[in-house]
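# Coordinate inspection notes
Chain by chain, the residues run as shown.
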Amino acid sequence: MLKTGKLLRLRRLSPAGDGRHLLVPLDHSVSDGPIVPAGQWDGLLRALVDGGADGIIVHKGRARAVAPDILKNCALVVHLSASTACSADVHAKVLVADVEEALRLGADAVSVHVNIGSDTEARQLSDLGAVARSCDVWGMPLIAMVYPRGPRIEDPRDPALLAHLANVAADLGADMVKTSVALPVERMAEVVAGSPIPVLAAGGPPDGTDLVEYGTAVMATGCRGLAVGRRIFSAPSPASLVARLAAVVHGDGAPHAPHDMSMTTPSTFVAGVA
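The numbers attached to residues start from 1 for each chain and follow its sequence in the written order. Whole-chain, interface and lining totals are the exception, using all residues; otherwise, since this is a predicted model, local features are given only for residues with pLDDT of at least 70 and side-chain atom pairs are given and counted only at 80 or more. Side-chain measures were taken over the full set of non-hydrogen atoms in the model, leaving aside hydrogen atoms and water.

## Overview of the packing of helix α9 (residues 211-220) against helix α11 (residues 238-250)
Helix axes use the C-alpha atoms of the stretch in contact, all axes being lines fitted to C-alpha atoms, and the angles between their N-to-C directions lie in the range 0 to 180 degrees. Helix and strand labels come from DSSP, where a helix needs a run of H or I of at least four residues and a strand needs a run of E of at least two; each type is numbered from the N terminus. Between α9 and α11, the least distance of the axes is 9 Å, while the angle of their chain directions is 20 degrees. In this view, α9 runs roughly parallel relative to α11, as classed from their interaxial angle. Crossing handedness for the pair α9 and α11: right-handed. For the pair α9 and α11, contact is made by Leu211, Val212, Gly215, Thr216 and Met219 and by Leu241, Arg244, Leu245, Val248 and Val249, respectively. What sets the label is the angle itself: under 35 degrees gives roughly parallel, over 145 gives roughly antiparallel, 65 to 115 gives roughly perpendicular, and the rest give oblique. It is the rotation of the near helix from the far one that decides the hand of a crossing: anticlockwise by less than a right angle makes it left-handed, clockwise makes it right-handed. In this description, contact between two residues means that some pair of their heavy atoms is separated by no more than 4.5 Å.

Here it is, written out as structure tokens:
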């Protein structure tokens, strides 16, 4: 059984109580530059929460700038890895924060990025293992963002490869894995079937087609959630798009009202099952 602290934090990651998750990564400002002008940051966060996002993913410095009332009904995930588009190797992720810092910031979970097939894969795997060990000590949920990227990857959408990545995340101690979606999308069911931990589908459709239809197809394969960043925060109405995606993730087909965590009741999570 998981420790009480981790149980409580996992519960905050799924305020609907169904073990499903709609996360919005906002860590792109480190890798690529500003997401929105600084004066629009609070407005973007409030739009995401009002739309029904279950959690946001940010770096530690940005977490300090989040108004506490914004997070009343939304989980905070602090991302511990980084690289920039200016690097000689954009796939070489390094740790820039630790679990203790995330705890002091009030995080409900942490995330670590690993690029399998990259030239620095060995170091990234070591970092993931070290963070998992610290998460176990502190009762902190760990989301492993594991992607097939680098010179040794021939087909990054191969379901067998993605299933391998999901097991890497599980075996090194993650509670959830966020990874690419197989093509065709239906074959993502093979990835889910082979994973001992919940699978979150990363990003939107590679061909730029309708995000809601795509999310519906992905969730039908058994994924336990979506983690979509750029396609949401660059949309004309992020709140409206999040509401439609929340309806897909949580299964009723209708846009959700904003979360009220005070009205939810605890549920039980068992290791490897959410």
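Next comes the rest of the write-up.
## Topic: the pattern of salt bridges
By salt bridge we mean one thing: a side-chain nitrogen of Lys or Arg within 4 Å of a carboxyl oxygen of Asp or Glu. In total, this model carries seven salt bridges according to the counting rule given. The salt bridge involving Lys6 is made with Asp175; its shortest N-O contact spans 3.2 Å. Of this pair, Lys6 sits in helix α1 (residues 4-13) while Asp175 is found in the loop between α7 (159-171) and β8 (176-179), placing the two residues 169 residues apart along the sequence. The exposure class assigned to Asp175 is buried, which follows from its relative accessible area of 14%. Notably, a salt bridge pairs Arg152 with Asp119, separated by 2.8 Å at the nearest N-O pair. In this pair, Arg152 is assigned in the loop between β7 (142-148) and α7 and Asp119 in the loop between β6 (109-116) and α6 (121-138), connecting sequence segments 33 residues apart. Burial classes: relative accessible area under 20% of the type maximum marks a residue as buried, over 50% as exposed, and values in between as partly exposed (1.4 Å probe, protein chains only). Relative accessible area serves as the criterion here: at 56%, Asp119 is assigned to the exposed category.

## Quick word on the packing of aromatic side chains
Under the pairing criterion, centres of Phe, Tyr and Trp rings, with the six-membered ring standing for Trp, must be within 6.5 Å; the plane angle then separates stacked pairs below 30 degrees from edge-to-face pairs above 60, leaving the rest tilted. All told, the structure shown has zero aromatic pairs when counted by the stated rule. Above the face of the Trp41 ring, Arg62 is positioned so that its terminal group lies 4.7 Å from the ring centre. As a reminder, the over-ring test applies to NZ of lysine and CZ of arginine, requiring each to be within 6 Å of the ring centre and within 35 degrees of the ring normal. Residue placement shows Arg149 over the ring face of Tyr147; its charged tip is 4.1 Å from the ring centre.

## What to know about the pairing of β8
Residues Met176 and Lys178 line one face of β8 and the alternating positions Val177 and Thr179 line the opposite face, and both faces are buried. As defined by bridge partners, β7 adjoins β8 across three bridges and the pair is classed as parallel. Residue pairing across strands places Ala144 opposite Val177, the latter belonging to β8. Looking down the strands as they point away from the viewer, one classifies a crossover as right-handed if the path from the first strand across the helix to the second runs clockwise. For the crossover from β7 across α7 to β8, the handedness is right-handed. In this analysis, strands are considered paired if DSSP registers two or more bridges between them. Relative to strand β9 (residues 199-202), β8 runs parallel, the two sharing three bridges. Across the sheet, residue Lys178 finds its bridge partner in β9, namely Leu200.

## A few points about the packing of helix α3 (residues 41-51) against α11
Running from N to C, α3 and α11 cross one another at 30 degrees; their axes reach a closest spacing of 7 Å. Put simply, α3 runs roughly parallel to α11. Considering only the axes of α3 and α11, their crossing is right-handed. Here Leu44, Ala47, Leu48 and Gly51 of α3 come into contact with α11, specifically with Pro238, Ala239, Val242, Ala243 and Ala246. In this classification, Asp, Glu, Lys and Arg are treated as charged, Ala, Val, Leu, Ile, Met, Phe, Trp, Tyr, Cys and Pro as nonpolar, and every other residue, Gly included, as polar. Classifying every residue of the contact of α3 with α11 by side-chain character gives eight nonpolar, one polar and no charged.

## As for the sheet that holds β6
Strand order in this closed barrel of eight strands is β1-β2-β3-β6-β7-β8-β9-β10, and the pairing throughout is parallel. Neighbour to neighbour, the strand axes of the sheet diverge by 25 degrees on average, direction disregarded. Relative to the sheet, α1 contacts β1 (21-25), β3 (75-79), β6 and β8, its axis offset from that of β3 by approximately 105 degrees. Those strands touched by α11 are β1 and β10 (225-227), and its axis lies near 145 degrees from that of β1.

None of this, on its own, says anything about what the molecule does.
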